[in-house]
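# Architecture and fold: a report
Here is what each chain is made of, one letter per residue.
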Amino acid sequence: MMMFQTHSDPEQPKKQKKKKQSERPDSSGMLYFILAFVVCLALFAGIGVLWWKIAKPELPYLNPDASATTTTTSAEPTKPTSRFAATDRFSIAVYITDDRGALQSVSLCLFKPDSDSISVIALPAELGLPDADTDTLSRRFATGGPESAQMALSGYIGKPVDYYAALTYSGVEKYLTALEEPLIVKLPKDIDQQASDGSFSIHLKEGEQALSPKQVANLLRCDNWQSGRRERTNMHAAVVSAYINQFVSEGRDLTADHTQLSVNANTNLNNSRFKTIITPLSYLAELRKDLLCTSTHIDGTFTGAGSTLRFTPGPGVIDTIKSNMK
């Protein structure tokens, strides 16, 4: 029987051991990658913190320490207009008459607290009413006073005019005297007139002027206007607008001013009715800025002359007025 004898190579295990060691992954490379990732993460975190410190003052809404009084660059204050609706609007027709009581102009004042605005619309006294070709607002005023004129104007517009105040030239002077301040009025041109009967004279320069109560009354009396009744009506409305801008303002005692109005004007805005509008009126007074109230003339044509003079508004004018009322 043949026997086979095996011989072992003493170097063979060592070679196999080295081979197995060479097949293991290189752990030092992975360590370097993790270390580099952590360094990059720390670097980006540092940049983020630096940006936060720089940007944080510009983002007060992210700052838990920011107070409610943080100022902003906005020129307009936040206005709580949501507290009022269109139903809170009210209107006042200001009738200016001569000292004999004949109607000279109508200034329809629209107070709109829901839109933070007041506007004055200049209406000629000769505004034609639809009832008859010869019927005008001045005729209604002459026959039935401001109550009749208010009803006629409300019917013509299609919405009620809430209140009225009728003042003579002398009544305007007395009322402004009681308020103890000159009225700031911007005049469109130089005004120079001497009444033919010597009852008044007026000499004023173009531009913004501080007028005494007597000067305001004489400005209303002035009838030397290039465009006649139209320009005179516009000037009356500008005076009413100037009054609102100056006296319907924060710091004024509106109730005291209303008391003086009741003394010097024929008005249906009595104390109990005034209390119903004092809240929206005070709100508008607090918001009042220069030129909050603006006066506007309406398009239309005059026809006739003398006692038959009649003004007809242009298309869409009355609808525009109606849309601005309550």
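Please read these numbers as outputs of a predicted model, since none were measured by experiment.

What follows deals with the overall build of the protein chain. If you tally the helices and strands in the protein chain, you get 9 helices and 12 strands. Classification of the 326 residues of the protein chain by burial places 39% in the buried group. By sequence separation, contacts in the protein chain at least 24 residues apart represent 63% of the contacts at least 6 residues apart. Accessible area for the protein chain stands at about 19700 Å²; split by element, carbon and sulfur atoms hold 56% of it.

This paragraph deals with the packing of helix 7 (residues 254–264) against helix 8 (residues 271–287). Interaxial distance between helix 7 and helix 8 falls to 10 Å at its minimum, and their mutual angle equals 130°. In terms of axis orientation, helix 7 runs oblique to helix 8. For the element pair helix 7 and helix 8, the recorded crossing hand is right-handed. On the side of helix 7, the interface is formed by Leu254, Thr255 and His258, while helix 8 contributes Asn271, Phe274, Ile278, Leu281, Ser282 and Ala285. Looking at side-chain class alone, the contact of helix 7 with helix 8 contains 5 nonpolar, 4 polar and no charged residues.

So, about empty space enclosed by the protein. Applying the stated rule across the entire model yields 2 cavities of 30 Å³ or more. As for the largest cavity, its lining consists of 28 residues, and the residues nearest its centre are Val94, Tyr175, Tyr243, Ile244 and Leu261. When residues of the lining of the largest cavity are assigned to their parent elements, the largest contribution, 5 residues, is made by helix 6 (residues 229–247). In this structure, the second largest cavity encloses a volume near 40 Å³. Lining the second largest cavity we find Ala122, Pro124, Arg230, Thr233, Asn234, His297, Ile298 and Phe311. At the level of secondary structure, the elements contributing two or more residues to the lining of the second largest cavity comprise strand 3 (117–124) and helix 6. Per-element accounting of the lining of the second largest cavity gives the leading share, 3 residues, to helix 6. When grouped by side-chain class, the residues that make up the lining of the second largest cavity number 4 nonpolar, 3 polar and 1 charged.

If you walk across this open sheet you meet the 6 strands as 9-4-1-2-3-10, and the pairing is mixed. Every interior strand has two partners, whereas the edge strands, strand 9 (266–267) and strand 10 (293–297), have only one. The sheet contact formed by strand 1 (residues 90–97) and strand 2 (residues 103–112) spans 8 bridges and is antiparallel. Among the inter-strand pairings, Ser91 is bridged to a residue of strand 2, identified as Leu110.

Our next topic: the layout of surface pockets. Taken as a whole, the second largest pocket encloses approximately 360 Å³ of empty space. Lining the second largest pocket are 15 residues, and of these Tyr169, Asp197, Ser199, Phe200 and Arg221 sit closest to its centre. When its residues are assigned to classes, the lining of the second largest pocket shows 3 nonpolar, 5 polar and 7 charged.

It is worth spelling out the environment of Val185 at this point. Following the sequence through the fold, Val185 ends up in strand 5 (residues 183–187). Classification of Val185 by relative accessible area gives buried; the value is 2%. Each C-alpha atom of the pair Val185 and Ala238 lies 7.7 Å from the other, and the pair is 53 residues apart in sequence.

Two numbers describe how helix 5 (residues 213–221) lies on helix 6: the axes approach to 9 Å, and their chain directions differ by 155°. Relative to helix 6, the element helix 5 is oriented roughly antiparallel. Every residue of helix 6 that contacts helix 5 at Val216, Leu219, Leu220 and Arg221 is listed here: Arg232, Met235, His236 and Val239. Its residues assigned to classes, the contact of helix 5 with helix 6 shows 5 nonpolar, 1 polar and 2 charged.

Moving on to the pattern of salt bridges. Applying the stated criterion across every chain yields a total of 9 salt bridges. Taking the shortest distance from any N to any O, the salt bridge between Asp257 and Arg252 comes out at 2.9 Å. The exposure class assigned to Arg252 is partly exposed, which follows from its relative accessible area of 21%.

Right, let's talk about the packing of aromatic side chains for a bit. Think of a pair of aromatic rings as described by two things: how far the centres are apart, and how the planes are tilted against each other in angle. What the rule picks out here adds up to 6 aromatic pairs. Relative to Tyr243, the ring of Tyr175 lies with its centre 5.7 Å away and its plane at 50°, an arrangement referred to as tilted. Of this pair, Tyr175 sits in helix 4 (residues 169–179) while Tyr243 sits in helix 6, and the two are 68 residues apart along the sequence. Consider the rings of Phe302 and Phe311, whose centres lie 4.9 Å apart with planes at 55°: the pair is tilted. Three or more aromatic residues link up through ring pairs in this structure, and these residues are Tyr175, Tyr243 and Phe247.

So, on to the environment of Thr301. Here Thr301 is to be found in strand 11 (residues 300–303). Taking the C-alpha atoms as reference, Thr301 lies 5.6 Å from Phe311; in sequence the two are 10 residues apart. The residues contacting Thr301, other than those within four sequence positions of it, are Arg230, Arg310, Phe311 and Thr312.

Analysis parameters
Residues numbered from 1 in each chain as written. Predicted model: local features only at pLDDT ≥ 70, side-chain atom pairs only at ≥ 80, totals over all residues. Heavy atoms only, no water. Helix = DSSP H or I, 4+ residues; strand = E, 2+ residues; numbered from the N terminus. Buried < 20%, exposed > 50% of the residue type's maximum accessible area, 1.4 Å probe, protein only. Contact = heavy atoms within 4.5 Å. Areas by Shrake-Rupley, 256 points an atom, 1.4 Å probe, with all protein chains shown as cover. Axes fitted to C-alpha atoms, helices over the stretch in contact; angles between N-to-C directions. Parallel < 35°, antiparallel > 145°, perpendicular 65-115°, else oblique. Left-handed = near helix turned anticlockwise from the far one by under 90°. Nonpolar A, V, L, I, M, F, W, Y, C, P; charged D, E, K, R; others polar. 1 Å grid on protein atoms, 1.4 Å probe; cavity = no way out; pocket = protein on both sides within 12 Å on 5 of 7 lines; lining within 4 Å. Points joined across faces, edges and corners; volume = space filled by probe spheres on them. Pairing = 2+ DSSP bridges. Salt bridge = Lys/Arg side-chain N within 4 Å of Asp/Glu carboxyl O. Phe/Tyr/Trp six-rings, centres within 6.5 Å; stacked < 30°, edge-to-face > 60°.

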